[in-house]
Amino acid sequence: MDAWGYFSNADRREFARLDAAYEAGKPMSDEHDEVFGLWAHERFCMAPADERRRRMLRQVLDNAPAWSRNGVGGLWRMTYDVTLQGHYDDPDVYLVPLAATAALPYHDRRAALYWVPDGFRQYRPQAWRVLREPLTELLTEPDSDDPAMNVRNVMWEDDEFAALLASGELADRLAGPARLPLLRHWATATASKPSGKWLKRCAALLDEQAAGVVADVLRRLAEHRETTYRHRYRDEEWPETVFLRERTAVPLRGMVWTCELIDEPWVTALLGDVAVTAGTGIGGSGANARSEMLANAAIGVLARRGGLEVVAQLARVQAKARKKTVLVGVNRTLEAVAAQAGLSTEQVLERTVPTFGLGPDGTRTEQGLRLSLDGTVTYGSRKTIPKAVRESHKELLAELRATAKELKKALPAERFRIERALATERVWRWEEVCEHYLGHPVTGSFARNLIWEVVEGPAGLPVPAGDVWELAGPDCRRHRPDPGAAVRLWHPISHAMEEVRAWRDHLVEIGLRQPFKQAFREVYLLTPAEEETRDHSRRFTGHLLRYGQAKALLTGRGWTGMSLGHWGWEYGSDAAAATKELPGGLAAHWDFHLDEESGERDDFGTVSICVSGDLHVTAEGRRVPLAEVPPLVLSEALRDADLAVGVTSTGLDPEGQGEYWASYGFGDLTENARVRRDALTRLLPRLSIAGRCALTDRFLVVRGDLRTYKIHLGSGNILMEPNDAYLCIVPGGAGDQVFLPFEENGGMLSIVLSKAFLLAADTEISEPSITRQIGGAAR
């Protein structure tokens with residue numbers, strides 16, 4: 001056994017030497033170092049009844065080596081393994097680990113054993129019955145008047161947040177004599193939800209000062225992010241990313257539960273902040289949650305508070321979190337609130353979007369201070385607020401800045417909700433759209449820039465006409481829908497190409513930027529190849545994708561289950577399917593696998609590249625012929641796949657090479673890239689470099705003074721004429737030089753245009769890495 005990698009190669013060589021000496025019957029009395037202690041403990045655990053091995057164990061106890069923190073960790077991991085083999089009821093198995101732990105300072109004890117109590121309690125319960133009392137004694141510092149020591153006894157100071165709570169003023173407020181009983185009570189929050197008895201005891205201990213502590217700690221928790229620790233033992237080193245240890249998370253859950261007993265205006269928004277932070281993955285994305293325990297605790301308290309005021313916070317969690325169990329709690333709570341109000345979930349969401357005090361123009365002005373829709377607070381025309389104004393309007397400024405912070409959180413949730421309505425073809429009554437979308441200062445900032453259509457009727461952009469709204473088509477003709485008319489967001493898949501072109505031309509002509517692709521949205525109709533394969537699509541099969549980036553992107557778009565690794569190919573860890581629930585009880589499944597070289601390429605560590613497979617749709621577990629899937633539903637699923645390939649393909653690597661890189665980097669365009677080409681046909685005539693540019697089927701051709709360049713519209717890769725030499729340029733952004741008819745967030749269209757502007761003025765390029773390539777290729 002290797003104690004989960006705690007033994008280095010040098011340790012193993014020393015173990016082999018000791019094994020040889022033991023088998024030869026040589027005396028071991030001169031052995032006293034840590035490696036001998038590890039070896040003797042391991043050999044004893046393998047055969048506790050052997051008397052000679054028992055004598056060696058006694059030798060280690062009588063002449064204890066200088067145990068290190070990682071050496072003690074190795075002893076416990078070894079002990080954890082051996083108890084799986086059935087030696088859990090022999091108390092001598094635990095003698096060396098307990099003695100070695102006792103030799104460490106309290107902080108090192110807790111650092112070495114951070115996983116031990118929970119690991120044994122959950123997975124080695126028979127061993128835990130023997131270990132519970134001695135371990136509790138070893139890990140608990142003596143009673144003290146020192147608040148920091150009291151916090152450490154509860155949380156162990158074993159992660160960055162626990163260390164923060166055990167320091168300075170926070171420790172005094174958390175674990176002073178008056179507050180210590182409440183802190184210890186919070187540490188008993190081990191159930192999935194609080195019992196009536198737990199809340200009653202908490203209420204007896206709670207006072208105004210304690211409520212203030214809860215607010216301050218949870219605010220810091222909402223701002224807390226994970227830390228990566230690097231562990232080292234002898235010649236082995238490994239990273240560990242930690243948000244919170246369970247010993248820290250449990251009392252924090254107690255603080256979250258305590259919010260049920262606090263009737264203050266800050267409670268609901270702060271619970272939303274905690275749920276968003278804890279419910280999103282490491283780095284703010286991914287299919288997992290930083291702390292599922294705390295996210296569900298916060299959602300549970302919001303659910304029990306109930307009422308329409310919790311909806312906006314739940315909408316934020318719904319937009320950010322992707323952990324299925326977290327989203328189940330959010331959806332269940334939204335459904336309960338909706339049922340209580342006699343509305344659908346979507347109706348509740350749209351009726352409870354805060355206005356943040358903004359007027360119809362998207363601003364709020366008081367005492368010369370102005371809060372804008374983008375979340376900025378200014379004074380008059382000045383971005384910097386004068387010192388005199390900051391001092392004379394201190395409270396108002398603080399309130400506006402706090403509101404601005406909440407506004408910035410609400411905007412992405414609203415954008416996400418409206419784009420989801422487009423993708424699911426939701427239908428409203430026109431009067432609902434006018435009241436909750438077009439007339440709302442926040443939601444309206446998105447809705448007023450989108451095309452709406454009367455079902456089986458005309459479509460248009462919303463324009464005000466006195467107290468009502470009308471729809472103006474690309475020919476500027478207006479239509480006033482009846483209040484009860486059924487309307488939806490316009491989607492290009494349902495319309496002729498002539499109408500789609502008209503809308504695209506119109507948006508560019510009037511300079512309207514849509515919050516997401518609508519007129520320029522990609523459409524994926526069945527191809528002849530898909531008609532032949534019937535129940536699956538190979539349109540995006542065989543692409544080499546950057547795994548972590550692809551997983552994060554797909555997770556952000558509602559796909560789950562994409563988990564690949566080198567940990568167990570025999571168990572299928574080299575293959576997975578990403579799944580997304582679709583409207584109408586359907587589900588899309590996209591297969592992925594690792595290629596044969598991936599293990600060696602990744603040194604069997606974190607997966608770097610995965611290979612995309614086929615995509616199919618099911619209903620109740622059975623495959624559905626693609627021709628029977630509603631066209632809009634299938635198109636949106638394939639759009640996600642195209643987006644993942646277009647953003648994460650290794651063919652985008654400016655310094656790439658190989659057959660796949662060449663075929664993707666300069667090959668045929670996907671639908672995403674074809675829409676990019678269509679946008680460029682409208683944008684190019686408006687650019688200052690229009691006379692130097694021309695579009696071909698796959699490239700934007702740019703004529704510089706030194707060379708002529710071909711920028712691929714799919715990958716952004718560049719070839720130089722006349723010999724198609726490759727030019728490597730690290731992607732930049734087009735900045736504010738170019739109007740784009742949709743928000744692309746630094747996407748490929750922006751990259752292509754930035755490279756075009758750069759190369760059109762190639763004599764002004766001063767970057768040596770670029771000029772060498774241009775000059776070298778010319779020779």
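Right, let's walk through the structure included here. Fair warning: this is a prediction, and the values are worked out from it, not measured in the lab.

1. Brief notes about the pairing of strand β8 (residues 459–465)
Now for step 1: Burial analysis of β8 places 6 of its 7 residues in the buried class, which makes it a mostly covered element.
Now for step 2: Note that strand β7 (residues 452–454) and β8 share 2 bridges and pair antiparallel. By the bridge assignment for β8, W452 is matched with G460.
Now for step 3: Between the end of β7 and the start of β8, which pair antiparallel, lie 4 residues, with E456 showing a positive phi angle near 60°.
Now for step 4: Pairing between β8 and strand β9 (residues 468–472): 5 bridges, direction antiparallel. By the bridge assignment, V463 is partnered in β9 with E470.
Now for step 5: From the end of β8 to the start of β9, which pair antiparallel, there are 2 residues, and G466 there has a positive phi angle of about 70°.

2. Re a negative patch on the surface
Now for step 1: Judged by side-chain charge, E208, D263, E264 and E309 come together as a negatively charged surface patch.
Now for step 2: One can find D263 in the loop between α15 (246–258) and α16 (266–279).

3. As for the side chain of S635
Now for step 1: Mapped onto the fold, S635 is located in helix α29 (residues 631–648).
Now for step 2: The class for S635 is buried, based on a relative accessible area of 0%.
Now for step 3: Side-chain polar atoms of S635 contact the backbone nitrogen of Y524, separated by 3.0 Å.
Now for step 4: Dropping the residues within four chain positions of it, S635 is found in contact with I493, E522, V523 and Y524.

4. Structural notes on the sheet that holds strand β19 (residues 708–712)
Now for step 1: Sheet architecture is open: 5 strands sit in the order β17-β18-β19-β20-β21, paired in antiparallel fashion. Each end of this open sheet is capped by a strand with a single partner; those strands are β17 (693–695) and β21 (725–727). Within the sheet, the average angular offset between the axes of one strand and its neighbour, ignoring direction, is 30°.
Now for step 2: Looking at chain direction, β17 and strand β18 (residues 699–703) are connected through 3 bridges and run antiparallel. Bridged to C693 within β18 is V702.

5. Some details on the packing of helix α5 (residues 95–102) against helix α8 (residues 125–139)
Now for step 1: Remark: α5 packs on α8, axes separated minimally by 10 Å, with the N-to-C direction vectors making an angle of 15°. Judged by the inter-axis angle, α5 sits roughly parallel to α8. For α5 against α8, the interelement crossing comes out left-handed. Contact residues: α5 offers L98, T101 and A102, while α8 offers L131, P134, L135 and L138.
Now for step 2: Of the residues that constitute the contact of α5 with α8, the class distribution is 6 nonpolar, 1 polar and no charged.

6. Some thoughts on the environment of R55
Now for step 1: By the secondary structure assignment, R55 is in helix α3 (residues 51–62).
Now for step 2: Residue classification places R55 among the exposed residues on the basis of a relative accessible area of 52%.
Now for step 3: Between the C-alpha atoms of R55 and F44, which are 11 residues apart in sequence, the distance is 9.3 Å.

7. Some details on the pattern of salt bridges
Now for step 1: Applying the stated criterion across every chain yields a total of 50 salt bridges.
Now for step 2: The shortest N-O distance in the salt bridge between R351 and E432 comes to 3.6 Å. A residue pair is termed long-range when its members are at least 10 positions apart, and R351 in helix α20 (residues 345–351) and E432 in helix α23 (residues 430–438) qualify at 81 residues.
Now for step 3: For E432, a relative accessible area of 6% puts it in the buried group.
Now for step 4: In this structure, E366 engages R364 in a salt bridge whose closest nitrogen and oxygen atoms are separated by 2.8 Å.
Now for step 5: Judged by relative accessible area, which is 31%, E366 ranks as partly exposed.
Now for step 6: When its relative accessible area of 14% is taken as the criterion, R364 is described as buried.

8. Brief notes about the pairing of β19
Now for step 1: For β19, the buried fraction is high: 4 of the 5 residues fall into the buried class.
Now for step 2: The pairing of β18 with β19 spans 5 bridges and is antiparallel. Bridge pairing in β19 links V701 to K710.
Now for step 3: Where β18 folds back onto β19 in an antiparallel hairpin, the turn is made up of 4 residues.
Now for step 4: Two elements, β19 and strand β20 (residues 718–721), share 4 bridges in a ladder whose sense is antiparallel. In the sheet register, Y709 faces β20, and the bridge partner there is M720.
Now for step 5: In sequence, β19 turns back onto β20 through a hairpin of 5 residues, with G716 there showing a positive phi of about 80°.

9. What to know about the nonpolar core
Now for step 1: Counting 81 residues, the largest nonpolar core has W590, F592, L700, L727 and L759 as the members making the most contacts within it.
Now for step 2: L700 has contacts with L684, C693, A694, L695, Y709, K710, I711, L713, V752 and A756, leaving out every residue within four places of it along the chain.
Now for step 3: M155, V217, V256 and V301 belong to the second-largest nonpolar core, a separate cluster that totals 70 residues.

10. Observations regarding the packing of aromatic side chains
Describing an aromatic ring pair means giving the distance of the ring centres and the angle of the ring planes.
Now for step 1: All chains considered together, the criterion is met by 18 aromatic pairs.
Now for step 2: Ring centres of Y437 and W452 lie 6.0 Å apart, and the angle between their planes is 70°; this geometry places the pair in the edge-to-face category. Remark: W452 occurs in strand β7 and Y437 occurs in helix α23; sequence separation between them is 15 residues. Per residue, the accessibility class of Y437 equals that of W452, and both read buried.
Now for step 3: A centroid spacing of 5.8 Å and a plane angle of 90° characterise the contact between W661 and F666, whose relative ring orientation is edge-to-face. For the pair shown, W661 and F666 are each scored as buried.
Now for step 4: Members of the aromatic cluster, joined through ring pairs, are W76, Y80, W115 and F120.
Now for step 5: The side chain of R219 reaches across the aromatic face of W266, ending 5.8 Å from its centre.

What counts and what doesn't
Residues numbered from 1 in each chain as written. Predicted model: local features only at pLDDT ≥ 70, side-chain atom pairs only at ≥ 80, totals over all residues. Heavy atoms only, no water. Buried < 20%, exposed > 50% of the residue type's maximum accessible area, 1.4 Å probe, protein only. Helix = DSSP H or I, 4+ residues; strand = E, 2+ residues; numbered from the N terminus. Pairing = 2+ DSSP bridges. Patch = residues over 30% accessible without salt bridge, like charges linked within 9 Å, V, L, I, M, F, W, Y side chains within 5 Å. Areas by Shrake-Rupley, 256 points an atom, 1.4 Å probe, with all protein chains shown as cover. Salt bridge = Lys/Arg side-chain N within 4 Å of Asp/Glu carboxyl O. Lys, Arg positive; Asp, Glu negative; His and termini not counted. Charge placed at Lys NZ, Arg CZ, Asp CG, Glu CD. Polar contact = N/O pair within 3.5 Å; in protein donor to acceptor, adjacent residues only side chain to side chain. Contact = heavy atoms within 4.5 Å. Axes fitted to C-alpha atoms, helices over the stretch in contact; angles between N-to-C directions. Parallel < 35°, antiparallel > 145°, perpendicular 65-115°, else oblique. Left-handed = near helix turned anticlockwise from the far one by under 90°. Nonpolar A, V, L, I, M, F, W, Y, C, P; charged D, E, K, R; others polar. Core = buried A, V, L, I, M, F, W, Y, C linked by side-chain atoms within 4.5 Å. Phe/Tyr/Trp six-rings, centres within 6.5 Å; stacked < 30°, edge-to-face > 60°. Lys NZ or Arg CZ within 6 Å of the ring centre and 35° of its normal.

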